[in-house]
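Each chain, letter by letter, is given below.
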Amino acid sequence: MQPNNGELKPLDHWIRVCKEHAFDLQFTRARKWKEEHADGVVVGYMPVYFPREVIHAAGGLPVGIFGGGDRKQIIKGDAYYQSYICHIPRSIIDLVLDNHTDHFDGYIFPSICDVLRNLSGIFKLNKLGKFVKYMDFPQNFLPEVGGVFYQQEMQHVMHYIKEINGKEVTPEALNRSIALYNTNRRLIARIYDVRQDHPWRMTLEELYYVVRAGTVMPVEEHNAILEQVCTHLERETGKAQDKIKVVLSGAFCEQPAVGLVRAIEEAGCYVVDDDLMLGSRMILGDIDATTAEPLKAIAHAYIHQSQLSSSIYDVDNPKENRLAKIVKDRGADGVIFASASFCDPSLLDAPIFQKAFDRMGIRYIAFQFSENINQFKVIKEQVGAFSDSIKLWEDEPAGAALTN
Amino acid sequence: MAQEVQKEKSMILQKEMIEGLFNDLASAKEKGRKVCYTFVPGNLSELIRTFDMLPVYPEINALQNAMRKKSAGYIREAEKHAHSEDVCTYVKCDVGMLLKGNIGPTGQKLPEPDVLLLSYTGCFTFMKWFETLKREYPDTKVIMVHTPYQENGVMTPEMTQYMVKQFREEVIPKMEEVTGIKYDEEKLKRHLELSREAEDWITKIFDTTKHRPSPIDAYFAGVYYIGPINIGFRGTQEAVDYYKELYSEIQERIRLGLGPVTPEGEMKEEKFRLVVEGPPNWTSFREFWKIFYDMGAVIVASSYTKVGGVYDLGWRHDPERPLEALAEYCMNCYTNLNIPQRVALLSKCITEYQADGYVTNSIKSCNSFSAGQLAMMRDLEDKLEVPVGFIESDLVDPRYFSYSNIKNRLESYFQMLAQRKMFEAAETNPAP
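Residues numbered from 1 in each chain as written. Chains lettered and ligands numbered in written order. Predicted model: local features only at pLDDT ≥ 70, side-chain atom pairs only at ≥ 80, totals over all residues.

A. Representation of the overall build of chain B within the structure. Scanning chain B from N- to C-terminus turns up 18 helices and ten strands. For 432 residues, the compact-globule estimate of 2.2 N^0.38 gives 22 Å, and the C-alpha radius of gyration of chain B, at 21 Å, lies within 12% of that figure. Each of the three principal axes of chain B carries a C-alpha extent, and together these read 80 × 50 × 45 Å. Per-residue burial over chain B gives 55% buried out of 432 residues. For chain B, restricting intrachain contacts to residue pairs at least 6 apart in sequence, the fraction spanning at least 24 positions comes to 79%. (Helix = DSSP H or I, 4+ residues; strand = E, 2+ residues; numbered from the N terminus. Rg over C-alpha atoms; globule rule 2.2 N^0.38 Å. Buried ≥ 20, exposed ≤ 12 C-beta atoms within 10 Å, placed from the backbone. Contact = placed C-beta atoms within 7 Å.)

Have a look at this one:
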């Protein structure tokens, strides 16, 4: 399954490989990696973002845990969560209690919302994993205040891993890891840039497989796959269809079933940007991989180069302006807001976006989903109507109405 | 018809304090007072007072609107403006009130904020709430105070330093800028000294539930007792005087062997002693309380009364370390504790106050409390073999308070507790 010595394999092959990895809820690539690395430490991280460089440099394999989707029947998780709490924590509980992650050494819960924060406490209560880390991302963005705190948070993670494998992390190792993840982010950005103008070359569903697969395999392997995918996509393939271009926003944590992703495109949309796997694209541009203080460089990037996110306090950099800029830059006709049911961050942001977009003249629709729901008829009709209304009655992309 | 109870002196004192605050707010702009919107958990009352500002607590307005049956209309108004049915109803009630002219619960117009002090403590929604308010008050300065979560059940020096640096680098300079008042640390220390005194008194007050019968209800009456300390009076002589008076009234009740005061007079017989986790429902607060006191159930401790600060374990504001004390205070609020810490605290309450049972009131729109409650309940049941009960309602959305459902559940629960007591009595005193 690994890319071998640069030989170019067909795009279909890589999409098939990535699809297998992306939804492998047994996390078999991580299991194999652990067998291959005697002192390897497998660390599961929850949405949205964690600086995987830190785990990689410490001799670990970071593995994204994005819930069970529509592929895991929930038995135990429902006993932990009331009906009015989103779905992802119950499927994560089910995965862990059903031993899908028994080869994991530790778990990281990035700060995103009260539900995932408290899930870290349930893991502690049940003594799951050798360590459980709630990663408190700073909401203060002064480098000497929030930046220092963030570095301390990363040091905790390195300390936990060191307790398991005894490995001291050097600045050189961190810089090497940063460079690898810089490459990863650059390659993913290349795919998005190609799709901006040629979205028919790869569907959103295929893109999703390719990016999500990278969260469960070593970055070196993923980079090799991405190189090949980029090579394919930069050649003219396929044919444009009469679809509108949209940005998909709001599904950054609990992931919709793939059927929903497919339904959006089948209903007449090319999704030219999204926040489905936001963590893999959180840092915009490279992190400095040449400094003597790489943790400081990672913190600097978080403070100055983060993508817009519902989990980051935004007052000095309003999210509605940032999303509007993405719409404009991608030449999108509108926005589809897809929020997981009961997702506080996404749903509390919705009125802010919608009020601003009404003012800016950016068209949008909004609906809710749950990771385990795979009936999309109503959503497909809603998206289809949205697409038709733009195709039939509008002339120019929404972003064109913006002055900046 | 139910007879209203005679108001005790402490009740009158509290009423005067709150009325005074709302009157001050109503005339704040004409008198040139600066107004600071902030939250109860992690409220920096002493610092706000050091800068002579008046506080407004949006979640207090929301719950008072709910008790006055105004919240439903406000929530509907917010939902018309794209606010989801699924999110915090405090936020929607506040936004709805704002959209309808910002008339506060007392009928007086609330002044616009001069500063939004976002004490980001134990609740993710606070951040989204003030991001929303910032759009409504675009010229108002927002001061963010990020309180680190006690993920490992401890407040480390680096967490404290992170907060102190925020106070020094951002909070205090911005408050100076907004108010034109220079930071006076001696003044802050004087407020903190009074805070410490009030905290001693409130701890003693909630500790009186060790008596049988308990002289107070630590949940339904407890939410009134925490009023002054949570809504801006912590750090004042008024708060100290209020708590002294309240304590002396409770001592008198203990001397007379009286149970708690309810809206319908004294509770005659204490049948069940309970610990409750989760905020109360505010829209049907009295009906909710009545279900309990009608069944002879008194709440001897509750997590909700610790939401604005946990003092049970001995922590106090220390005037000698003023900014560090403010930092520790924020980190030590109940919803900023991790789940094992919450379990340990509740376990201590169940044991020390000799509770017969543990009830969770799970709030639909408050994930800060609700997420994890089932696991906590199961853990307490396993460790302490305490009978547990579970009900669901909401903070200020009346659509999610189902009276008969809750009453049925609680009645079944109380029947189970009664049977258990009967069996325990039979085991202790077997028939000859």
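B. Main features of the interface of chain B and chain A. Across the contact, 44 residues belong to chain B and 39 residues belong to chain A. Counting only elements with at least two residues in the side of chain B that touches chain A, the list comes to α7 (125-136), β4 (141-146), α8 (157-179), α15 (339-352), α16 (367-370) and α17 (373-384) of chain B. Top element by residues in the side of chain B that touches chain A is α7(B). It accounts for seven residues. When grouped by side-chain class, the residues that make up the side of chain B that touches chain A number 18 nonpolar, 13 polar and 13 charged. (Nonpolar A, V, L, I, M, F, W, Y, C, P; charged D, E, K, R; others polar.)

C. Broad picture of the nonpolar core. Counting residues in hydrophobic clusters, the biggest one holds 270 residues, and the most contacted among them are A:I264, B:L118, B:L274 and B:V275. Counting residues per element, this core draws most heavily on α8(B), which supplies nine residues. Setting aside anything within four residues of it in sequence, one finds B:L274 in contact with B:A297, B:I299, B:V300, B:A355, B:D356, B:G357, B:Y358 and B:V359. (Core = buried A, V, L, I, M, F, W, Y, C linked by C-beta atoms within 7 Å.)

D. The arrangement of the packing of α8(B) against helix α14 (residues 322-331) of chain B in detail. Residue and element names in this part refer to chain B. Between α8 and α14, the least distance of the axes is 9 Å, while the angle of their chain directions is 115°. Seen from above, α8 lies across α14 with right-handed handedness. On α14, the residues that touch M159, T160, M163, V164 and F167 of α8 are L323, E324, L326, A327, E328, C330 and M331. (Axes fitted to C-alpha atoms, helices over the stretch in contact; angles between N-to-C directions. Left-handed = near helix turned anticlockwise from the far one by under 90°.)

E. The arrangement of unusual backbone geometry in detail. Cis geometry is adopted by the peptide bond preceding A:V48, which originates at A:P47 and carries an omega value of 5°. Along the polypeptide, A:V48 turns up in the loop between β1 (41-45) and α3 (52-57). In this structure, the amide linkage connecting B:R212 to the following residue, B:P213, adopts the cis form with an omega of -5°. Examined against the element boundaries, B:P213 turns out to sit in the loop between α9 (185-207) and α10 (222-225). One non-glycine residue, A:K127, lies in positive phi territory at about 50°.

F. Layout of the sheet that holds β4(B). Residue and element names in this part refer to chain B. Across the sheet, which stays open at both edges, the four strands sit in the order β2-β1-β3-β4 with parallel pairing between neighbours. Both outer strands of the open sheet, β2 (54-56) and β4, are each paired with one neighbouring strand and no more. The mean angle between the axes of side-by-side strands here comes to 25°, regardless of whether they run parallel or antiparallel. Sheet analysis places strand β1 (residues 35-37) next to β2, joined by three bridges and oriented parallel. Within β2, the residue paired with V35 across the bridge is L54. (Pairing = 2+ DSSP bridges.)

G. Summary view of the pairing of strand β8 (residues 363-369) of chain A. Residue and element names in this part refer to chain A. One ladder, built from seven bridges, connects strand β7 (residues 334-340) with β8; its direction is parallel. Bridge pairing in β8 links G334 to R363. Traced from β7 through helix α13 (residues 344-360) to β8, the parallel crossover comes out right-handed. (Right-handed = clockwise from strand over helix to strand, strands pointing away.)

H. Structural context of the pairing of strand β8 (residues 297-302) of chain B. Residues and elements named next belong to chain B. Within β8, six of the six residues are buried, which leaves it mostly tucked inside the rest of the structure. Inspection of the sheet shows strand β7 (residues 272-277) paired to β8 by five bridges, in the parallel sense. Considered in β8, the bridge of F272 is made with A297. Of the crossover connections in this fold, the one passing from β7 over helix α13 (residues 285-294) to the parallel β8 is right-handed.

The analysis is restricted to geometry; functional conclusions fall outside its scope.
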